Amino acid sequence: MVTVEDYAESIPIAWCPGCGNFAIIQALRKALVDLEIEPHQILFVSGIGQAAKLPHYTHGNVFNGLHGRTLPAATGAKIANHELIVVGIDGDGGAYGEGIGHLLATMRRNINMTYMVHNNQVYGLTKGQASPTSDLGFVTKTTPLGASQPVNPLALALASDASFLARCFAGDIEHLSTLLKMGIEHRGFALIDILQPCVSFNHKNTYQWYRERVYKVEDESGYDPTDKIAAFARAQEWGDRIPIGLIYRKERPVYEEQLPALKEMTLVKQKIDPLQFEALLDEFV
Amino acid sequence: MTSLLNVMVGGEAGQGVQSVGFIMAKTFTRGGYHVFADQDYENRVRGGHNFFRVRVNAGEVLALSKELDILVALNKETIDLHHNELKDGGVIIFDQEQTKFDAQGERFFNVPLVRLAEDAVKNKLMTNTVAIGAAIGLCDYDFDLLAAVLREEFERHGQKITEDNVSAGRVGFDFAREHGAQRLSQQIQPLPGINKRMLLNGNEALALGAMAGGCKFISGYPMTPASPILEYLADKVRHYDVVAMHVEDEIAAMNMAIGAAYTGIRAMVATSGGGFCLMVEGLALAGMTETPIVVVLGQRPGPATGMPTRTEQGELWFALHAGHGEFSRVILAPATAEEAFSTMTKAFNLAEKYQTPVIVLTDHHIATSYATVERFNLKHVKIDRGQLLSDEELSQLDDYIRHKVTESGISPRALPGQGKTLVVTDSDEHDEAGHLIEDAETRNQQNLKRLRKLDSLKFDINNPKLHKVLNAEFTLIGWGSTYGAIREAAELLKEGGIAANVLHLSEIWPFPTEAVSSALNNSAKTLTIESNATAQMAQLIRRETGHKVSGNILKFDGRPFSPEEIVDRLKKEVF
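Residues numbered from 1 in each chain as written. Chains lettered and ligands numbered in written order. Predicted model: local features only at pLDDT ≥ 70, side-chain atom pairs only at ≥ 80, totals over all residues.

**Examining the sheet that holds strand β21 (residues 551-554) of chain B**
All names here are of chain B. Spatially, 5 strands are ordered β16-β18-β17-β20-β21 in an open sheet, and the strand pairing comes out mixed. Edge positions in the sheet fall to β16 (465-467) and β21, since each has one partner strand and no second. Ignoring which end each strand starts from, the neighbouring axes of this sheet average 20° apart. Packing against the sheet, helix α19 (residues 536-545) makes contact with β17 (474-479), β20 (525-530) and β21, and its axis sits at approximately 135° to β20. (Pairing = 2+ DSSP bridges. Helix = DSSP H or I, 4+ residues; strand = E, 2+ residues; numbered from the N terminus. Axes fitted to C-alpha atoms, helices over the stretch in contact; angles between N-to-C directions. Contact = placed C-beta atoms within 7 Å.)

**Here's the deal with the domain arrangement of chain B**
Per the domain assignment, the segments making up chain B are domain 1 (5-180), domain 2 (200-380), domain 3 (391-459) and domain 4 (465-573). Between the C-alpha centres of domain 1 of chain B and domain 3 of chain B there is a distance of 58 Å. (Domains from an automatic or database assignment.)

**A word on the environment of B:A500**
All names here are of chain B. Tracing the backbone shows A500 in strand β18 (residues 500-505). By C-beta crowding, A500 is classed as buried, having 24 other C-beta atoms within 10 Å. Once the C-alpha coordinates of A500 and L81 are considered, the two residues, 419 residues apart in sequence, prove to be 33 Å apart. Setting aside residues up to four positions removed in sequence, A500 forms contacts with V469, A472, E473, F474, L476, A490 and L493. (Buried ≥ 20, exposed ≤ 12 C-beta atoms within 10 Å, placed from the backbone.)

**A look at the interface of chain B and chain A**
Listed by partner, the interface residues are 56 residues for chain B and 44 residues for chain A. Elements that contribute at least two residues to the side of chain B that touches chain A include exactly β7 (198-201), α8 (202-212), β8 (215-220), α10 (250-263), α11 (273-289) and β15 (424-426) of chain B. Sorting elements by how many residues they give to the side of chain B that touches chain A places α10(B) first, with 10 residues. Looking at the side of chain B that touches chain A, its residues break down into 31 nonpolar, 13 polar and 12 charged. Sheet topology places strand β2 (residues 61-64) of chain A next to β15(B); 3 bridges connect them, and they run parallel. Bridge pairing in β15(B) places A:V62 opposite B:V424. (Nonpolar A, V, L, I, M, F, W, Y, C, P; charged D, E, K, R; others polar.)

**Details of the sheet that holds strand β19 (residues 507-509) of chain B**
All names here are of chain B. An order of β9-β8-β10-β11-β13-β12-β19 is seen for the 7 strands of this open sheet, with the pairing classed as mixed. Of all strands in the sheet, those bounded by a partner on one side alone are β9 (243-246) and β19. Each adjacent strand pair in this sheet contributes to an overall mean axis angle of 20°, direction not counted. As defined by bridge partners, strand β10 (residues 266-271) adjoins strand β11 (residues 293-299) across 4 bridges and the pair is classed as parallel. If you follow T271 over to β11, its bridge partner there is L297. Each of β10, β11 and β13 (357-363) touches α11; the most contacted strand, β11, lies at about 155° to it.

**So, the environment of B:T545**
Looking at the secondary structure, you find B:T545 in helix α19. Residues contacting B:T545, with those up to four places away along its chain left out, are B:T513, B:V516, B:S517 and B:L520.

**Digging into the nonpolar core**
Counting residues in hydrophobic clusters, the biggest one holds 257 residues, and the most contacted among them are B:V72, B:I93 and B:A257. Ignoring sequence-local partners within four residues, the contact set of B:I93 consists of B:I70, B:V72, B:A73, B:F109, B:V111, B:A131, B:A134 and B:A135. (Core = buried A, V, L, I, M, F, W, Y, C linked by C-beta atoms within 7 Å.)

**Here we look at the pairing of strand β2 (residues 34-40) of chain B**
Consecutive residues of a regular strand have side chains that alternate between opposite faces of the sheet. Residue and element names in this part refer to chain B. Counting buried positions along β2 yields 6 of 7 residues, so the element is predominantly enclosed. Here 7 bridges tie β2 to strand β3 (residues 47-57), and the two strands are oriented antiparallel to one another. Among the inter-strand pairings, V35 is bridged to a residue of β3, identified as V56. Hairpin connection, β2 to β3: the antiparallel pair is bridged by 6 residues. Note that β2 and strand β14 (residues 370-373) share 2 bridges and pair antiparallel. By the bridge assignment, A37 is partnered in β14 with Y370.

**Notes on helix α5 (residues 127-138) of chain B**
With 12 residues, α5(B) extends 17 Å from end C-alpha to end C-alpha; this agrees with the ideal 16 Å at 1.5 Å per step. The complete set of buried residues in α5(B) reads B:T127, B:N128, B:T129, B:V130, B:A131, B:I132, B:G133, B:A134, B:A135, B:I136, B:G137 and B:L138. (Expected span 1.5 Å × (residues − 1).)

**Quick look at the packing of helix α4 (residues 113-121) of chain B against helix α7 (residues 159-180) of chain B**
Residues and elements named next belong to chain B. The geometry of α4 relative to α7 is characterised by a closest axis approach of 9 Å and an angle of 130° between their N-to-C directions. As judged from the angle between their axes, α4 and α7 are oblique. Pair α4 / α7 crosses with right-handed handedness. Together, L116, A117, A120 and V121 of α4 and D164, S167, A168, V171, G172 and F175 of α7 make up the contact between the two elements. A class-by-class count of the residues in the contact of α4 with α7 yields 7 nonpolar, 2 polar and 1 charged. (Parallel < 35°, antiparallel > 145°, perpendicular 65-115°, else oblique. Left-handed = near helix turned anticlockwise from the far one by under 90°.)

**Description of helix α6 (residues 173-185) of chain A**
Residue and element names in this part refer to chain A. Along its 13 residues, α6 runs 18 Å from first to last C-alpha, staying within 8% of the 18 Å computed at 1.5 Å per residue. Among all positions in α6, only L176, S177, T178, L179, L180, G183 and I184 are buried. In the core, the buried residues of α6 are packed alongside α1 (20-34), β3 (85-91), β4 (113-119), β5 (164-169), β6 (189-195) and β8 (242-249).

Here's what the structure looks like:
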């Protein structure tokens, strides 16, 4: 039986006291234990930033690559061994700034993986600069005139026909854990945007600020997460009311399931045999 | 310089110059001859001026010649630009009705190409097939060989188009036999016996080498001259265990291949300089995470977009130093299409054996030139996956750590999902277990471990080719695709009474210092011949051996060297 101990810290944690990341890692551990996933079955892929350190603070296979390049590395890994459960972890800088092109492409392809984005609307690791999701006018050392119009990750995901789209709040571990489980179990790409207060650098979007605003779409009567137009309407909401929960879900073909080479077994299990290519040489004779 | 026949087909983009040029090259290969063929084309889909040159010889041929026996001119511009390249006794095939070019004399052979195509098959598009039929007829070659190649090449377009092309070739052939017999001084007939040789270009050889070498994943973004490698593997995904992904950009391509390689399959990318620029951060990632990855870097003239459809060797230093920080790498630069195949299989072995990136440095010239080669022997392809642990070996380890410090610098490699072992790696500096660290001692140990791989790697690097002659006055030094032209230049010099050695590097990094030093230390004069403006190999030789070469023949106009040009420039600039 898998227990929380299996996902205990492997090295000392270097996050600030009170950081939303502590709640997120707790929710993730709970989700993995509930799903009875063992650490060797999972591959965490991350980039750079405070969020991207998370895989080091638990147990699993880890590819901690470059800033913004989590999704390409995760895609390559998933195709090489599609039996691995692949979870990508980044912050808003890596996911919605440096790596946004990869995010759009990966959602379009519908690779079967889960992508957790710790969205604290500010850069933590580099100490307090504006992020792609900082609110309009957010003043930092690099944006003295105020940040420009923020990225809307939910709307972008819907435009790319992401097959699973959720937003969660780090202040609600139970809810986050439930949606992480749904995302991991979903067949296809699951984007989980996690609203996460940064206690050191974001003094606007605090726990209190979020608590006053977030509401669960599943509590709204008649909300249908397969209705894309309704999902778009929710994606526009930011201010007095901020929707969390399962925003959108759609069944559609998974990229790697359509690859002929993966039909029989994983690529990594397939033998290398140079002699099988004689027919290819014939084409040049 | 020995060659039986040199033919050029010229016309504008869209006239099928490349297609019929290739058909001609294949027709001569089928007849038992060795062929070297290249294409010169502009960065456009229609219009402009394109040509395809085919050099035919009884023995091996590795370069082009400037002198033509037959010029097949599909438009007037081809005559204007290339008539000077015709040898005495050579012939220009042209269509007077179409070009409105009024030329007299033995060298001009007027063939009403368009009218013959319309009369025979009612299809002007087959004018080019009429033209190669005429060229084959002029040399008194075997039409059946041409017909067989035409049938193979057009088969996928259906029976009518196939047979119409054969008919079009036939009318051209018959016209030449009837009106042009004996016009050409050079006649050739197919050689007896069954010929099993292959005709392929460098890109195709690289792609075949990748398949045979066990590559299971390629991710890429199209860029001349490397796109055909991605296209070749993509063409095979239905029937072989390989995945080819055309992705959003080169950054994705590189990181995807690295993710696949980390997970345990042989993976590669192929690009040109501009795309490689985008991949460079990933190259350092592969160095840091000790991930085996093969990169084909097909050079073309730079900087920036440069000249997309032309050739250059301007990225030797870029390949040497690409990536931030210091890490081990391998640079291989195949000299011929034949070598391109074996280089790729070796590249995958070295990448896995040393768990580090391998760059295969080619250029537009080798990538797109066709050569006749002996059929590759797949039994000679060896697969060496280095210290990849078997399931059994792994199960005997108590505690697996990915980046274990060892004497060789190479750590035993396990794969994520292989047993209960966890495989942890990081682009941050990390400890043996793969977790990020900042302490000085661990940093030193890991950095030295990664660099130490070069100590044993250098024994896996082949010495340069050295062709020595008695009393040599010069040693001509080259690398990569210039091999054929330099070899033939040395032969031309010999015919003129000048003895020259040739030293050629196909495996460049780690640098074969001792072999290069000993080859150059006893040479009177040493010259590098390079397709770049800054003599990058000469600089590298100086840096690694202390030897200062006597001079350089440099060319950076985007065109490949011909043997004659090397000799001419030696005479003008050096003698």
